[in-house]
Amino acid sequence: MNRVVHPIEEESYRRLRARLDTTHFPPLTRAVVERVVHSAADLEYASDLVMAEEDLVAAHAALHAGAPVVVDVEMVAAGITRRESVCRLKDATAGPGLTRSAHGIRLAYEQVGPGALWVIGNAPTALEELLTLDASPALVIGLPVGFVGAVESKEALRESGLPAVSNVSEKGGSAVASAALNALLYHPVSSEETS
């Protein structure tokens, strides 16, 4: 993807790197950490985020090979640039024991099937529902925000063994979730991935 970086963004990254040493991270992890920190202006994400480079490498390849991207809310979709995503929240309804966000995830899975990249930045119940499905995701970016269920849902994601980006604290949200996906979108595709 050819992307023109605005001088303001270049300066922002220069200042971020002056305050936070990210050189010890492997390439894709570094890209995700820096883009998330940049999106929130929150240096603490550098020690709060949890991910594995090998999961990011596989997800990067899947993303650039055209794997679908599914989001929990339109705010996450709005933050993802240059890539269409699936959001079924507007078609979802709440029911006994099922939030509207969880139902939206079910509907999205029925639409895209296995192998998608899932980007959840709003609702812990959306992440919890995804974990009940046999979604075989390329990656789950699980960064829901909140004081009720967010920490627990992200911990359950990490314990699931699925390839994931999550964080330990209550922090999260649409901006950081979309930033994590954008980091993978913007990162160059290597010659190994195209051969």
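Under an unreviewed UniProt entry, the chain has the name Precorrin-8X methylmutase and belongs to Streptomyces sp. 900105245. As recorded by UniProt, the Sequence similarities (unreviewed entry) comment attached to the chain reads in full: "Belongs to the CobH/CbiC family." According to the UniProt record, the Pathway (unreviewed entry) comment for the chain reads "Cofactor biosynthesis; adenosylcobalamin biosynthesis."

Participant: Help me out: how do you make sense of the packing of aromatic side chains in this one?
Facilitator: Each pair of aromatic rings is reported with the distance of its centres and the angle of its planes. Applying the stated criterion to the full structure yields 0 aromatic pairs. Positioned above the aromatic ring of Tyr45, the side-chain terminus of Lys171 is 4.5 Å from the ring centre.

Participant: Would you mind showing me how to read the UniProt feature "domain: Cobalamin biosynthesis precorrin-8X methylmutase CobH/CbiC" (unreviewed entry) in the chain here?
Facilitator: In this numbering, the UniProt entry assigns the feature "domain: Cobalamin biosynthesis precorrin-8X methylmutase CobH/CbiC" (unreviewed entry) to residues 8-186. The straight-line gap between the two end C-alpha atoms of residues 8-186 is 17 Å; of that span, 53% is helix and 10% is strand.

Participant: Teacher, can you tell me more about the sheet that holds strand β2 (residues 69-71) here?
Facilitator: Strand pairing within a sheet occurs via backbone hydrogen bonds; the two strands may be parallel or antiparallel. Spatially, 5 strands are ordered β1-β5-β4-β3-β2 in an open sheet, and the strand pairing comes out mixed. Sheet topology places β1 (49-51) and β2 at the edges, where each strand pairs with a single neighbour. Each neighbouring strand pair of the sheet contributes to a mean axis angle of 15°, computed without reference to strand direction. In this structure, strand β3 (residues 117-120) lies alongside strand β4 (residues 139-142), joined through 4 bridges in parallel fashion. Residue pairing in the sheet places Trp118 in a bridge with Val140 of β4. Contacts between helix α6 (residues 100-112) and the sheet are confined to β2 and β3, with β3 contributing the most and set at about 165° to the helix.

Definitions and cut-offs
Residues numbered from 1 in each chain as written. Predicted model: local features only at pLDDT ≥ 70, side-chain atom pairs only at ≥ 80, totals over all residues. Heavy atoms only, no water. UniProt positions renumbered as here; feature names shortened; annotations may be inferred. Phe/Tyr/Trp six-rings, centres within 6.5 Å; stacked < 30°, edge-to-face > 60°. Lys NZ or Arg CZ within 6 Å of the ring centre and 35° of its normal. Helix = DSSP H or I, 4+ residues; strand = E, 2+ residues; numbered from the N terminus. Pairing = 2+ DSSP bridges. Axes fitted to C-alpha atoms, helices over the stretch in contact; angles between N-to-C directions. Contact = heavy atoms within 4.5 Å.

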